[in-house]
Amino acid sequence: MPGFTKVNGVTSDGGAPPDFPAKLTKQVVVCTIIAAVGGFMFGYDLGISGGVTSMDSFLMKFFPTVYVKKHQAKANNYCKYSNQYLQLFTSSLYLAAIVASFFASLISKKYGRKPTIQVASIFFFAGAILNAAAQNLAMLIAGRMLLGAGVGFGNQAVPLFISEIAPPRYRGGLNICFQLLITFGILSANIINYFTSKLHPHGWRISLGGAAVPAIVLLIGSIIIVETPTSLIDRGRKEKGLSTLKKIRGVDDVGKEYAEILSAVGLAKQYKHPYRNLVSLYNRPQLICGSLLQFFQQFTGITAVMFYAPVLFLTMGFGDNASLFAAVMANIVKPIGTVVAILVVDRVGRRVLLVEAAIQMLISQCAIGGILAVHLKTTNVVPKHYCVAVIFFICVFLAGFAWSWGPLGWLIPSETFPLETRSSALFITVSMNMFFTFIIAQSFLTMLCTMRSGIFFFFAFWLVVMGLFAIFLLPETKGIPIDEMIDRVWKKHWFWKRYYKDYDARKGQQELQDKPLGNCK
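Residues numbered from 1 in each chain as written. Predicted model: local features only at pLDDT ≥ 70, side-chain atom pairs only at ≥ 80, totals over all residues. Heavy atoms only, no water.

Caption draft 1: View of the overall build of the protein chain. The helix and strand inventory of the protein chain stands at 24 helices and two strands. Entry remark: accessible area of the protein chain is about 19,400 Å², with carbon and sulfur atoms responsible for 69%. (Helix = DSSP H or I, 4+ residues; strand = E, 2+ residues; numbered from the N terminus. Areas by Shrake-Rupley, 256 points an atom, 1.4 Å probe, with all protein chains shown as cover.)

This is the structure we're talking about:
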């Protein structure tokens, strides 16, 4: 390109290399919004459990021992809700998601991203109906596991779907729509819980059954979305893939991007065992970074704050309605923060947001832990102005998470893996996320009982570690075409480049084999 010199994958003016020709078409925007409804359902299920478990009518029916402890005047503030079955109600969803995401990766590879999203909506609907009709703990857990299957399929397919249809220069912002809908789902769940908590004795049924509404929306909407060109070409439908690529890009000049996808598909066909190939040397940097992002996302402490915010507020002395209202106020911050991420992620990049937010969340966790350590004893009530301070720092924490480790924990893995391992890699990263979410969800109330305010300093330690990880080991992926990540990102990184010594020779051999394909118009 005249006037620009490309050095190490960057133009002389400091920007990224020229992009493939593309417009931000209505087709891409509509498909992104519809697919991101899967994020809304995920968020709704995240937010609904914490509020429901603070409702007396729900506790009396399924967890009577917790109900008794809750209303004991001298009960330990930190241990009122410590109950393994209560934690299992929340965490069982994530065990099911781990198993489901494996089957989702196979379906996504063989049949496409679109059918995988449709299966997710069916599981969500079935789980919501079963939970709303639950008569005993077994039905309740079974419904949560069906919802978990929906989470596994949705979180496997939606970020990948959006990354593959989005133009590279808009990929970050569009992919974060998934996280934005998660935050709206959480907020909606908190608002619904606030009102249904007053509807005795079946308000909790309305809350849990409400997940059926977005499930129906996603099922209907998924009929009209397109399949991704990469998936179509990978499954041998090259002409359909080319016409879809022109449709979603809004231009006819897609030859370069089409050839890039063909090359990636050709290279992927060499590998008959994607899971075995996933641990090969040149996939190891993405696998390590993608897995660590899932670990770090959960060890920010977000799961504890998100699932158990009403319980935490009750622990500090709020009443039932006040605790639910405080949770609503706190979760209003997350959609605002996520909009910030959409607006700036493709301008300032991924790493800046991750590092800034790690510092912001570190300060918040230390402040919350310090206030509780000084003012929340075994049986007292925290003074009102300190409760307000805790809510403030929770809002600061949620805002930082919403524009960083929340959306980018899904975005970065979905855009960094080569095609031959993309579906299997997303299974690994989704499973890792669900596993660590399960660990925190299943253990937080017990940890709160044992560690008391120290649990917030535990999360603060990990925020220091993840900030250093983002500074030194995570490369920047802003604006790079998804099928050029290895050449323009990983091979340039000071540490990870050692894994690509033999990669050029292998890729060159494949390009010679695929040369006739690359000339297709």
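Once the structure has been displayed, the description carries forward.
Caption draft 2: Examining the nonpolar core more closely. Residues Phe 58, Ile 394 and Trp 405 are the most contacted members of the largest nonpolar core, which totals 127 residues. Among the elements that take part in this core, helix H1 (residues 26-52) stands out by supplying 13 residues, more than any other. Structurally, this core is a two-domain feature, drawing no fewer than three residues from each of domain 1 (22-225) and domain 2 (274-500). If sequence neighbours within four positions are ignored, Trp 405 has contacts with Leu 293, Phe 296, Gln 297, Thr 300, Leu 354, Ala 357, Ala 358, Met 361, Met 466, Phe 469 and Ala 470. Within the second largest apolar cluster, twelve residues are counted, among which are Ile 261, Leu 262, Ala 264 and Leu 419. (Core = buried A, V, L, I, M, F, W, Y, C linked by side-chain atoms within 4.5 Å. Buried < 20%, exposed > 50% of the residue type's maximum accessible area, 1.4 Å probe, protein only. Domains from an automatic or database assignment. Contact = heavy atoms within 4.5 Å.)

Caption draft 3: Fine view of the packing of aromatic side chains. Counted by the stated rule, this structure contains 28 aromatic pairs. Aromatic side chains Phe 299 and Phe 436 sit 6.2 Å apart centroid to centroid with 80° between the ring planes, which places their arrangement in the edge-to-face category. Of the two residues, Phe 299 sits in helix H14 (residues 284-299) while Phe 436 sits in helix H20 (residues 419-451), which places them 137 residues apart along the sequence. Each of the two residues, Phe 299 as well as Phe 436, counts as buried. Its guanidinium or amino end placed over the ring of Phe 62, Lys 61 lies 5.8 Å from that ring's centre, counting from NZ or CZ. The ring of Phe 89 has Arg 144 lying over it, and the distance from NZ or CZ to the ring centre is 4.9 Å. (Phe/Tyr/Trp six-rings, centres within 6.5 Å; stacked < 30°, edge-to-face > 60°. Lys NZ or Arg CZ within 6 Å of the ring centre and 35° of its normal.)

Caption draft 4: Representation of the confidence of the model for the protein chain. For the protein chain, per-residue confidence averages 84 on the pLDDT scale, and residues scoring 70 or more make up 89% of the total. Across residues 1-18, confidence stays below pLDDT 50; counting only partners more than four residues off in sequence or on other chains, it has 18 contacts. Confidence drops under a pLDDT of 50 for residues 516-521, and excluding neighbours within four residues, the segment shows six contacts in the predicted structure. (pLDDT = per-residue confidence, 0-100.)

Caption draft 5: Highlighting the side chain of Thr 437. By secondary structure assignment, the location of Thr 437 is in helix H20. With relative accessibility at 3%, the residue Thr 437 sits in the buried group. Reaching out from Thr 437, the side chain makes a polar contact with the side chain of Gln 298 at a distance of 3.2 Å. Within the structure, the side chain of Thr 437 is placed 2.6 Å from the backbone oxygen of Asn 433, a separation counted as a polar contact. (Polar contact = N/O pair within 3.5 Å; in protein donor to acceptor, adjacent residues only side chain to side chain.)

Caption draft 6: Quick look at unusual backbone geometry. For the bond running from His 200 to Pro 201, omega is 0°, close enough to zero to count as cis. Its place among the elements puts Pro 201 in the loop between helix H7 (171-196) and helix H8 (203-209). With a phi close to 55°, Arg 452 is a non-glycine residue in the positive phi region. Within the secondary structure, Arg 452 is located in the loop between H20 and helix H21 (454-472). Given the relative accessible area of 32%, Arg 452 is considered partly exposed.

Caption draft 7: Focus on the pattern of salt bridges. Evaluated as defined, the whole model comprises ten salt bridges. The salt bridge involving Arg 113 is made with Glu 164; its shortest N-O contact spans 2.7 Å. Linking Arg 113 in helix H5 (residues 113-132) with Glu 164 in helix H6 (residues 137-165), this pair joins segments that are 51 residues apart in sequence. Side by side, Arg 113 and Glu 164 carry an identical accessibility label, which is buried. (Salt bridge = Lys/Arg side-chain N within 4 Å of Asp/Glu carboxyl O.)

Caption draft 8: View of H21. Taking 1.5 Å per residue, 19 residues should reach 27 Å; H21 reaches 28 Å between its end C-alpha atoms and fits that length. Three or more residues of H21 are buried, namely Ile 455, Phe 456, Phe 459, Ala 460, Leu 463, Met 466, Gly 467, Phe 469 and Ala 470. (Expected span 1.5 Å × (residues − 1).)

Caption draft 9: Highlighting a nonpolar patch on the surface. Taken together, the side chains of Phe 325, Met 329, Ile 332, Ile 336 and Val 340 present a nonpolar region at the surface, about 400 Å² in accessible area. Take Phe 325: its relative accessible area is 41%, and that puts it in the partly exposed class. (Patch = residues over 30% accessible without salt bridge, like charges linked within 9 Å, V, L, I, M, F, W, Y side chains within 5 Å.)

Caption draft 10: How the structure looks around the environment of Glu 476. For Glu 476, the position within the fold is in the loop between H21 and helix H22 (485-488). For Glu 476, a relative accessible area of 27% puts it in the partly exposed group. The residues touching Glu 476, leaving out its near neighbours within four places in the chain, are Gly 349, Arg 350, Arg 351 and Val 489. Separated by 3.0 Å, the side chain of Glu 476 and the backbone nitrogen of Lys 478 make a polar contact.

Caption draft 11: Inspection of the packing of H1 against helix H9 (residues 212-221) at higher detail. At a minimum axis distance of 9 Å, the contact between H1 and H9 shows a crossing angle of 160°. Judged on the interaxial angle alone, H9 and H1 are roughly antiparallel. Both H1 and H9 take part in a crossing whose hand is left-handed. Contacts between H1 and H9 involve Ile 34, Ala 35, Val 37, Gly 38, Phe 40 and Met 41 from the former and Pro 214, Ala 215, Val 217, Leu 218 and Gly 221 from the latter. Here the contact of H1 with H9 is built from residues that sort into nine nonpolar, two polar and no charged. (Axes fitted to C-alpha atoms, helices over the stretch in contact; angles between N-to-C directions. Parallel < 35°, antiparallel > 145°, perpendicular 65-115°, else oblique. Left-handed = near helix turned anticlockwise from the far one by under 90°. Nonpolar A, V, L, I, M, F, W, Y, C, P; charged D, E, K, R; others polar.)

Caption draft 12: Representation of the packing of H1 against H5 in the model. As a packed pair, H1 and H5 sit with axes 10 Å apart at the nearest point and diverge in direction by 30°. The angle between H1 and H5 falls in the class roughly parallel. At the point where H1 passes H5, the crossing takes the left-handed sense. Residues Ala 35, Gly 38, Met 41, Phe 42 and Asp 45 of H1 pack against Ile 117, Ser 121 and Phe 124 of H5. Its residues assigned to classes, the contact of H1 with H5 shows five nonpolar, two polar and one charged.

Caption draft 13: Just H14, in detail. Taking 1.5 Å per residue as the helical rise, H14 with its 16 residues ought to reach 22 Å, and the 22 Å between its terminal C-alpha atoms agrees with that figure. The buried fraction of H14 is high, at 13 of 16 residues. Positioned one or two residues after H14, Gly 301 has a phi angle of 100°, which is positive.

Caption draft 14: Main features of the side chain of Gln 179. Structurally, Gln 179 can be placed in helix H7. Of the residues examined, Gln 179 reaches a relative accessible area of 3% and is grouped as buried. What Gln 179 contacts, discounting residues up to four positions off in sequence, is Lys 334, Thr 338, Phe 401, Gly 406, Pro 407 and Trp 410.

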